[in-house]
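# Secondary and tertiary structure notes
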Amino acid sequence: MRKYEDLKSVAIDYTPVLEGIEESLPYKVSYWDGPIVAAANALGCKNLYSEDFNHGQFYGSVQAINTFIAD
């Protein structure tokens, strides 16, 4: 079982907040969702599992996956 200390994270400070605002504008996502996209891109994630984003859409290099939608 993985420990939380082993998981990658992004510190919330001035930089991710600004990146989140910048990410929210071109993709027309909320201010609150922008930092999630920015953090996922910064960590090199391939997929972002959420029902709040457009299923299959790429946000930078991260693809949104809605597990409630069957492909």
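These remarks concern the structure in this document.

Reading the values: the criteria
- Residues numbered from 1 in each chain as written.
- Predicted model: local features only at pLDDT ≥ 70, side-chain atom pairs only at ≥ 80, totals over all residues.
- Heavy atoms only, no water.
- Buried < 20%, exposed > 50% of the residue type's maximum accessible area, 1.4 Å probe, protein only.
- Helix = DSSP H or I, 4+ residues; strand = E, 2+ residues; numbered from the N terminus.
- Pairing = 2+ DSSP bridges.
- Phe/Tyr/Trp six-rings, centres within 6.5 Å; stacked < 30°, edge-to-face > 60°.
- Axes fitted to C-alpha atoms, helices over the stretch in contact; angles between N-to-C directions.
- Parallel < 35°, antiparallel > 145°, perpendicular 65-115°, else oblique.
- Contact = heavy atoms within 4.5 Å.
- Nonpolar A, V, L, I, M, F, W, Y, C, P; charged D, E, K, R; others polar.

Another aspect to go through is the pairing of strand β3 (residues 62-65). Remark: a regular strand shows side chains that alternate across the two faces of the sheet. Burial along β3 is one-sided: V62 and A64 are buried, and none of Q63 and I65, which face the opposite way, are. With 2 bridges joining them, strand β2 (residues 58-59) and β3 adopt antiparallel strand pairing. Within the sheet, the bridge partner assigned to F58 lies in β3 and is Q63. Counted between consecutive antiparallel strands, the loop separating β2 from β3 contains 2 residues, among which G60 sits at a positive phi close to 70 degrees.

Once that is clear, we can look at the packing of aromatic side chains. Overall, the coordinates contain 3 aromatic pairs when judged by the stated rule. Relative to Y59, the ring of Y27 lies with its centre 5.1 Å away and its plane at 65 degrees, an arrangement referred to as edge-to-face. On the criterion of sequence distance, the pair formed by Y27 in helix α1 (residues 14-27) and Y59 in strand β2 is long-range, its members being 32 residues apart. Overall, Y59 belongs to the buried group, its relative accessible area being 2%. Taking the centre distance of 5.2 Å and the plane angle of 70 degrees together, the rings of F53 and Y59 count as edge-to-face. Taken together, the ring pairs connect Y27, F53 and Y59 into an aromatic cluster.

To continue, consider the packing of α1 against helix α2 (residues 34-42). Here α1 crosses α2 at 110 degrees, and the two axes come no closer than 7 Å. In this view, α1 runs roughly perpendicular relative to α2, as classed from their interaxial angle. Every residue of α2 that contacts α1 at P16, E19, G20, E23 and S24 is listed here: G34, P35, V37, A38 and N41. Residues of the contact of α1 with α2, tallied by class, amount to 4 nonpolar, 4 polar and 2 charged.

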